[in-house]
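# Chains, contacts and geometry: an overview
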Amino acid sequence: MITGPTFEEMLHPQTIDSQVRAGALDALDADPLNPLNLYNITWRDAQNQVLHLVLPRELTGVDAPIVLLYGGRFPSGSHKVGAAYSVLLEKQLLGEVDPDQHTLVWPSTGNYGIGGAFIGCRMEYDSIVVLPEEMSQERFERIEQYGARIIRTAGSESNVKEIYDEVNRLRGSDPKIRILNQFEVMGNYRFHYHVTGNTLVELAEDLRGAGIGAGKISAFVSAMGSAGTIAAGDRLKQVWQDHRIVGLEPIQCPTLFNNGYGAHEIQGIGDKHVTWIHNVFNMDALMAIDDRDALNGLRLLAEAAGRRLLVERLGMDAVLVERLAQLLGISGICNIIGAIKTAKFYELGSDDVVVTVATDGMERYDSVMAALRERHGALDEAAALAIADGVFWRAGRDWIMEGTRATRERWHNLKYYTWVEQQGKTVADLDAQRDPGWWRAHQVAVAEIDRRLLAQRGSR
């Protein structure tokens, strides 16, 4: 069976066999479908530097440094490929899946499905991605390029119930089907707790050496889709007890905020339920972001008038603006808005580093941006300035809910309706998550997974 890196090798790719690492780096652009690209699942580049950008105050309007991790250099163009790999690797090592016997089903609203198509097909599994029909056309094209089949379900990114219904139908239709559910399987959590979380711990010291911050990360901000990425905050809170974890969801689908529902256009987040892998007892605040702000913020980078305003009127570096125009997608803009709100809400200063994530890049949203231009016309300077002012500088303290004991309990209780009533969990399973030891047991399982993979390598 084909495997790739351990968790520790994803965290520290310099520990990978030098020939394997060199071959993987060559394949990243020259041969993107080569299975060697499994060894490119890491937040670090060829020089082992963490892939990040420090956003300028001209954009954010706050003193606190906002640092953006970006996932565009991962295989498949998104860090969600790391979660897909970790989920499949664990199940393969435990003997739950076999490429000669099983068909994998990847339930997704976008990037996890793309990652699953990449990982599953590189590891020689027949793969099916279940994806809402209203997602961007680029998502469907990328899945097919990687060799997976697609089943389209009704609705948009907030229609996860329809995905679950189709997954249950598939499970009952063929005994060879195996479901790799990012919303439920703890391999997703472990990837971000160990790899993303510890990457950020190490980045904090690198930033201090560059004169940015005081050697710690004061807040980690992430929108919830599967709630995998936000698991990095659990690791950060173990290192810095006063660290704050801030979750984001769309105003148009404020499920945790007020039991709300609805469709929205921040693709990949706000899935109208609380995921099994989300440790809501660790979340310090919940913020809701208007999907119109996220779309307009991306327009500012997608259109020439917007980029010109950022450089000529606001004084941003032209090279940085062009990089952001490639590295950011809709959810990345959402995360930046949330990071600005976090800095303002907690009154953070120049020593307080706030970290957030760009899950994917502009390449997945050209069709969305084209539709907006057709609907509203191209941006001119006045419209671009209005977006910069209204979306970024004026991001305020509205739509913020602190994580009190009562609100955390309410967030946790919402899991009942999806996971116990619909997905076969028991009340005892749900109650077990109240114990911090339950989460700790899943965190330390990283060592056992690595041990199994190394033992398998040694037996070859």
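Scroll up for the structure.
The following paragraphs examine the structure supplied in this document. (Residues numbered from 1 in each chain as written. Predicted model: local features only at pLDDT ≥ 70, side-chain atom pairs only at ≥ 80, totals over all residues. Heavy atoms only, no water.)

The next point concerns helix H4 (residues 80-93). Over its 14 residues, H4 runs 20 Å from end to end, which matches the ideal 20 Å to within 8%, given 1.5 Å per residue. Within H4, 14 of the 14 residues are buried, which leaves it mostly tucked inside the rest of the structure. After H4 finishes, the residue Gly95 shows a positive phi value of roughly 75°. (Helix = DSSP H or I, 4+ residues; strand = E, 2+ residues; numbered from the N terminus. Expected span 1.5 Å × (residues − 1). Buried < 20%, exposed > 50% of the residue type's maximum accessible area, 1.4 Å probe, protein only.)

Glancing now at the packing of aromatic side chains. Both the distance between ring centres and the angle between the ring planes are used here to describe each pair of aromatic rings. Following the criterion strictly, the structure yields 13 aromatic pairs and no others. Between Trp276 and Trp438 the ring centres are 6.4 Å apart and the planes differ by 85°, which places this aromatic pair in the edge-to-face class. You can see Trp276 sitting in the loop between helix H10 (255-258) and strand E9 (285-289) and its partner Trp438 sitting in helix H20 (residues 436-458), a full 162 residues away along the chain. Of the two residues, Trp276 and Trp438, neither departs from the other in class, the shared state being buried. (Phe/Tyr/Trp six-rings, centres within 6.5 Å; stacked < 30°, edge-to-face > 60°.)

Taken in spatial order, the 4 strands line up as E5-E4-E3-E6 in an open sheet, and their pairing is parallel. Because the sheet does not close on itself, it has two edges, and the strands there are strand E5 (149-153) and strand E6 (177-179). This sheet shows a mean twist of 25° between the axes of neighbouring strands, independent of strand direction. Strand direction decides the pairing type here: strand E3 (residues 103-107) and strand E4 (residues 126-132), joined by 5 bridges, are parallel. Bridged to Pro107 within E4 is Val130. (Pairing = 2+ DSSP bridges. Axes fitted to C-alpha atoms, helices over the stretch in contact; angles between N-to-C directions.)

Relative to the elements of secondary structure, Asn279 occurs in the loop between H10 and E9. Owing to a relative accessible area of 10%, Asn279 belongs among the buried residues under this scheme. Among residues more than four places away in sequence, those in contact with Asn279 are Asp234 and Trp439. (Contact = heavy atoms within 4.5 Å.)

Tallied over the full model, the rule gives 28 salt bridges. Arg292 is paired through a salt bridge with Asp290; the nearest N and O atoms lie 2.6 Å apart. In this structure, Arg364 engages Glu363 in a salt bridge whose closest nitrogen and oxygen atoms are separated by 4.0 Å. For Glu363, a relative accessible area of 40% translates into the label partly exposed. One network of salt bridges, with partners in common, ties together Arg142, Glu363 and Arg364. (Salt bridge = Lys/Arg side-chain N within 4 Å of Asp/Glu carboxyl O.)

For the rest of this paragraph, the subject is helix H11 (residues 291-302). For an α-helix, the turn length of 3.6 residues means that residues three or four places apart are oriented alike. Helix length check: H11 (12 residues) gives 16 Å between terminal C-alpha atoms against 16 Å at 1.5 Å per residue, within 8%. Looking only at H11, the buried set comprises Asp291, Ala294, Leu295, Gly297, Leu298, Arg299, Leu300 and Leu301.

The strands that make up a sheet are held in pairs by hydrogen bonds between backbone atoms, and each pair lies either parallel or antiparallel. Spatial strand order, E1-E2-E10-E7-E8-E9-E11: 7 strands in an open sheet with mixed pairing. The sheet is open, and its two borders are formed by strand E1 (52-55) and strand E11 (400-402), each paired with just one other strand. Across this sheet, the average inter-strand angle for adjacent strands is 25°, counted without regard to direction. Summarising the sheet, strand E7 (residues 217-223) and strand E10 (residues 353-358) pair through 3 bridges and their orientation is parallel. Note that in E10 the partner of Ala219 across the bridge is Val354. Contacts from helix H9 (residues 232-239) reach E7 and strand E8 (244-250), with the element oriented near 165° to E7.

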